[in-house]
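Listed below are the residues making up each chain.
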Amino acid sequence: MTPHADPQTGAAVKAADRAHVFHSWSAQGLIDPLAVAGAEGSYFWDYDGNRYLDFTSGLVYTNIGYQHPKVVAAIQEQAGKLATFAPAFAVEARSEAARLIAERTPGDLDKIFFTNGGAEAVENAIRMARLHTGRPKVLSAYRSYHGGTATAVNITGDPRRWASDNGTAGVVHFWAPFLYRSPFYSSTEAEECARALTHLEDTIAFEGPQTIAAIILETIPGTAGIMTPPPGYLAGVREICDRYGIVFVLDEVMAGFGRTGAWFAADHFDVVPDLITFAKGVNSGYVPLGGVAISAEIAATFDKRPYPGGLTYSGHPLACAAAVATIQVMADEKVVENAAAVGETVLGPGLRELAERHPSVGEVRGLGVFWALELVRDRETREPLVPYNASGEANAAMAAFGAACKKNGLWPFINMNRTHAVPACNVSEAEAKEGLAALDAALSVADEWVG
């Protein structure tokens with residue numbers, strides 16, 4: 001579709017939003033949401049006719065882009081056939097979605113519990129682990145995000161946890177590997193891996209292995225910085241979990257369904273967890289859907305014992321029909337393969353080339369269409385371009401960078417001192433290069449803050 005200007009409608013949409021919509025994670029009086037008129041593929045546009053290349057994929061979930069006609073048609077067809085039905089029944093769309101997901105999960109994670117989104121998936125995965133083991137504690141990484149509900153936000157490691165932190169939640173945080181800002185003073189990936197595993201095992205020893213139900217990790221952390229774990233780390237965590245009878249949970253809400261150039265990011269590391277949480281890309285976010293993929297051993301815990309959890313909209317037919325269509329589109333159109341190829345031949349090389357020319361770029365890291373640029377004031381000291389969790393004037397450098405992106409027709413994903421390059425998994429080579437060119441111009445603004 002070609003964007004066209006309709007400022008009057010845009011003003012009405014904005015006025016209604018400001019009068020009545022309460023936005024997530026925001027000081028309501030300090031935000032100015034863009035009124036969106038439409039979207040298609042990798043682009044969206046406003047009512048003034050401005051079009052943006054979306055390098056955020058919504059919130060890293062429109063893995064097949066906006067308004068894919070086959071998924072839209074599947075939702076319409078399901079609405080005409082059976083728009084909704086209670087979760088206790090066997091429904092075709094629900095059964096088929098579960099089958100297609102189970103076909104793609106690693107190992108024997110063949111039972112699927114459906115939720116409305118990622119946070120609820122994490123809530124239920126932790127509940128399953130605690131009931132399966134009879135233990136109370138959960139270990140999770142500081143640089144992580146697992147959702148905004150009660151358990152999920154306590155498991156989260158980033159500052160969004162602080163306002164809701166509950167000391168009785170049974171959550172213990174630890175440092176996962178991140179060589180660029182190593183908490184272990186490592187100089188190589190091998191050192192970082194070994195020291196991170198030693199730190200984790202020490203944490204388990206001091207907390208008491210018999211008290212720990214689960215270790216949860218984002219396979220590749222998303223909002224926290226897209227830090228691909230070093231070779232051997234996830235396998236090491238798997239071995240530790242096996243040794244102590246701890247449930248290993250991988251959070252693939254953001255990294256799953258093609259984002260890293262594989263169906264699940266775990267596929268890159270040849271690791272099979274006990275539980276996988278998913279959402280977002282499973283149906284490109286067209287209708288809210290998440291879930292937990294469950295191993296045979298944990299599923300057997302509830303063969304004769306009722307699982308004490310459920311949701312009214314678990315496996316909602318419209319959401320599941322969207323998932324079936326999305327997975328079929330991804331297979332038919334080789335979307336996972338495209339994400340891998342674009343990452344290897346366009347985004348990865350292009351971002352590294354930008355880093356060579358822009359002193360504000362401290363590090364480039366990622367896989368598939370899941371990349372981060374670490375922006376710094378000084379490459380030698382690695383001082384972040386803005387302080388940790390900066391806001392207001394302290395965040396001026398990143399705000400200026402973001403404004404420059406938008407001026408050049410790119411909608412950026414910015415978190416703290418990083419910008420993430422996370423376009424749709426079916427982004428074209430030309431679109432990826434368009435995004436790189438806009439980043440190039442915006443990084444020149446970030447460079448002004450260096451030194």
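In this report, the structure presented in the accompanying data block is examined. (Residues numbered from 1 in each chain as written. Predicted model: local features only at pLDDT ≥ 70, side-chain atom pairs only at ≥ 80, totals over all residues. Heavy atoms only, no water.)

Observations concerning the overall build of the chain
Now for step 1: When helices and strands are tallied, the chain shows 13 helices and 16 strands.
Now for step 2: For a compact globule of 451 residues, the expected C-alpha radius of gyration is about 22 Å, and the chain comes in at 22 Å, within 12% of that figure.
Now for step 3: When its C-alpha atoms are laid out on the principal axes, the chain stretches across 60 × 60 × 45 Å.
Now for step 4: For the chain, the residues scored as buried account for 55% of the 451 residues in total.
Now for step 5: Intrachain contacts of the chain at a sequence separation of at least 6 include 71% that bridge at least 24 residues. (Helix = DSSP H or I, 4+ residues; strand = E, 2+ residues; numbered from the N terminus. Rg over C-alpha atoms; globule rule 2.2 N^0.38 Å. Buried < 20%, exposed > 50% of the residue type's maximum accessible area, 1.4 Å probe, protein only. Contact = heavy atoms within 4.5 Å.)

Observations regarding the pairing of strand 11 (residues 361-367)
Now for step 1: Summarising the sheet, strand 11 and strand 12 (residues 370-378) pair through six bridges and their orientation is antiparallel. The residue of strand 12 that forms the bridge with Glu363 is Glu374. (Pairing = 2+ DSSP bridges.)

Observations concerning the packing of aromatic side chains
Now for step 1: By the definition in use, this model includes 11 aromatic pairs.
Now for step 2: Ring centres 5.2 Å apart and planes at 75° place the aromatic pair Phe302 and Tyr307 in the edge-to-face group.
Now for step 3: Residue classification places Phe302 among the buried positions, given a relative accessible area of 16%.
Now for step 4: Classification of Tyr307 as buried rests on a relative accessible area of 18%.
Now for step 5: Positioned over the ring face of Tyr43 is Arg51, at 3.8 Å from the centre of the ring.
Now for step 6: Above the plane of the ring of Trp411 lies Lys406, whose end atom (NZ or CZ) is 4.3 Å from the centre. (Phe/Tyr/Trp six-rings, centres within 6.5 Å; stacked < 30°, edge-to-face > 60°. Lys NZ or Arg CZ within 6 Å of the ring centre and 35° of its normal.)

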